[in-house]
Amino acid sequence: MIDIHSRVDVEGMRAAGKAAAHVLAELRPLIQPGISTAELDAAAASLMKLHGCTSACHGYVVGRLTYPGYICISLNDEIVHGIGRDDRFIQDGDVVSLDVVIRKNGFVGDNAYTVLVGSVPEPARKLCQATENALMAGISAVRPGGRVGDISAAIQGAIQPFGFGIVREFVGHGVGRQMHEEPQIPNWGSKGTGAKLVPGMALAIEPMVTLGSPKILMAADGWTAQTKDGRVAAHYEHTVLVTEEGVEVLTRI
Ligand code: MF3
Ligand code: CO
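The following paragraphs examine the structure supplied in this document. (Residues numbered from 1 in each chain as written. Chains lettered and ligands numbered in written order. Predicted model: local features only at pLDDT ≥ 70, side-chain atom pairs only at ≥ 80, totals over all residues. Heavy atoms only, no water.)

Before going further, it helps to spend a moment on helix 4 (residues 148-159). With 12 residues, helix 4 extends 17 Å from end C-alpha to end C-alpha; this agrees with the ideal 16 Å at 1.5 Å per step. Taken across its 12 residues, helix 4 has 10 buried, putting it largely inside the fold. Of the surrounding secondary structure, the elements contacted by the buried residues of helix 4 are helix 3 (122-140), strand 8 (165-166), strand 10 (181-185), strand 11 (202-205) and strand 12 (208-210). (Helix = DSSP H or I, 4+ residues; strand = E, 2+ residues; numbered from the N terminus. Expected span 1.5 Å × (residues − 1). Buried < 20%, exposed > 50% of the residue type's maximum accessible area, 1.4 Å probe, protein only. Contact = heavy atoms within 4.5 Å.)

Take H235: it is sitting in strand 15 (residues 233-235). Residue H235 is classed as buried on the basis of its relative accessible area of 0%. Engagement of the side chain of H235 in a polar contact is seen with the side chain of E206, the distance being 2.8 Å. Among all residues touching H235, those that are not within four sequence positions of it are I79, V80, S97, D99, A112, Y113, T114, T131, E206, P207 and M208. (Polar contact = N/O pair within 3.5 Å; in protein donor to acceptor, adjacent residues only side chain to side chain.)

The cobalt ion (ligand 2) binds to the protein through D110 (OD), H173 (NE2), E206 (OE) and E237 (OE), with metal-donor distances spanning 2.1 to 2.3 Å. Around the cobalt ion (ligand 2) sit 6 donor atoms; with metal-centred angles ranging over 59 to 168°, the donor geometry is irregular. Look at where the donors of the cobalt ion (ligand 2) fall in the sequence and you get D-x62-H-x32-E-x30-E. Linking H173 in strand 9 (residues 172-174) with E206 in the loop between strand 11 and strand 12, this pair joins segments that are 33 residues apart in sequence. A relative accessible area of 4% means that H173 is categorised as buried. (Donors = N, O, S within 2.8 Å, 3.2 Å for Na, K, Ca; no water. Tetrahedral: all angles 85-135°; square planar, octahedral: opposite > 155°, others 65-115°.)

Within strand 6 (residues 95-104), 9 of the 10 residues are buried, which leaves the element mostly enclosed by the surrounding structure. Of the pairings in the sheet, the one linking strand 1 (residues 54-55) to strand 6 comprises 2 bridges and is antiparallel in character. Opposite S55, over in strand 6, you have I102 as the bridge partner. Here 4 bridges tie strand 4 (residues 72-75) to strand 6, and the two strands are oriented antiparallel to one another. In the sheet register, I73 faces strand 6, and the bridge partner there is L98. Two elements, strand 6 and strand 7 (residues 107-116), share 10 bridges in a ladder whose sense is antiparallel. Bridge assignment links L98 to a residue of strand 7, and that residue is Y113. Counting the residues that bridge the hairpin from strand 6 to strand 7 gives 2 residues, and of these N105 lies at a positive phi of roughly 50°. (Pairing = 2+ DSSP bridges.)

Another point: the side chain of S74. Mapped onto the elements of the fold, S74 is located in strand 4. A polar atom in the side chain of S74 sits 3.1 Å from the backbone nitrogen of G82. When residues no more than four places from it in sequence are discounted, the contact partners of S74 are I79, V80, H81, G82, V95, V96 and S97.

Neighbouring residues of ligand 1: 14 residues in total, closest C57, H81, D99, H173 and H180. At a separation of 3.0 Å, an oxygen atom of ligand 1 approaches a polar side-chain atom of H173. Taking H180, its side chain carries an N or O atom lying 2.8 Å from an oxygen atom of ligand 1. Burial of ligand 1 by the protein amounts to 96% of the accessible area it has alone, namely 340 Å². (Near = heavy atom within 4 Å. Areas by Shrake-Rupley, 256 points an atom, 1.4 Å probe, with all protein chains shown as cover.)

Another point: the sheet that holds strand 13 (residues 216-218). Across the sheet, 3 strands lie side by side as 5-14-13; this open sheet has antiparallel pairing. Single-partner strands in this sheet number two, and they are strand 5 (78-80) and strand 13. Sheet twist, expressed as the mean angle between neighbouring strand axes with direction ignored, is 40°. Relative to strand 14 (residues 225-227), strand 13 runs antiparallel, the two sharing 3 bridges. (Axes fitted to C-alpha atoms, helices over the stretch in contact; angles between N-to-C directions.)

The subject of this paragraph is unusual backbone geometry. E182 connects to P183 through a cis peptide bond whose omega is 0°. With respect to the helices and strands, P183 occurs in strand 10. At N76, a position not held by glycine, the phi torsion is positive, near 55°. If you trace the backbone, N76 turns up in the loop between strand 4 and strand 5. For H81, which is not glycine, the phi torsion reads 65° and is therefore positive. One can find H81 in the loop between strand 5 and strand 6. Since its relative accessible area comes to 23%, H81 is described here as partly exposed.

Read these as geometric descriptors, not functional statements.
Dropping the structure here:
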């Protein structure tokens, strides 16, 4: 069942999206050489308090595992779901994906951004630019009466010309009172296929793209997904609302 939000719920989703966007925007300038990823995680927890929300990741259970962090911090060859560590420090040249998922008054807002620290080599810069452009292309494909596959195809079409890898194991998703709701939104697919887009649906669109092979490897912590070939990955995400007119980005300040 795809949760169709009533008008009052739309206001709840707008507030959650705004809080998620503020926390992410205020974290970004803290990403400087020398800060530990545990310090970034702690800063995220206090920013969430400041914005009247809580982490939707902290305590999230998958199988026998409970997520220990407040946000996901994924460096370089890590793709998603990296955990802050007090022995891991940001360095010049790092490519840092921050994924902030919050709950405010029962509603979830989900967004991610990849920060380039100092002198990042050109191929990684191109990868990040292409991935952010692919997110925007996916968002532009959202319209009432359209299909999930329109979003998937737009993302794939924006990545394919570069020959970058599209991660298959993780996808975008519906979002509402739960972090992960139907429908799944793959970052590849065909226009005109999949679930119909209806005004009131909230969607987290999140291309995860690799410089080399899209094959992944799970780290020993059971959460961190990294590239098998050790090359860099990028990840950008917005929560959007399908409207009568088209689309509204909820995680934009
Ligand atoms: N944005 C990520 C996702 O949609 C957030 C994961 S939180 C975690 O999968 F706790 F599962 F890591
Ligand atoms: Co998400």
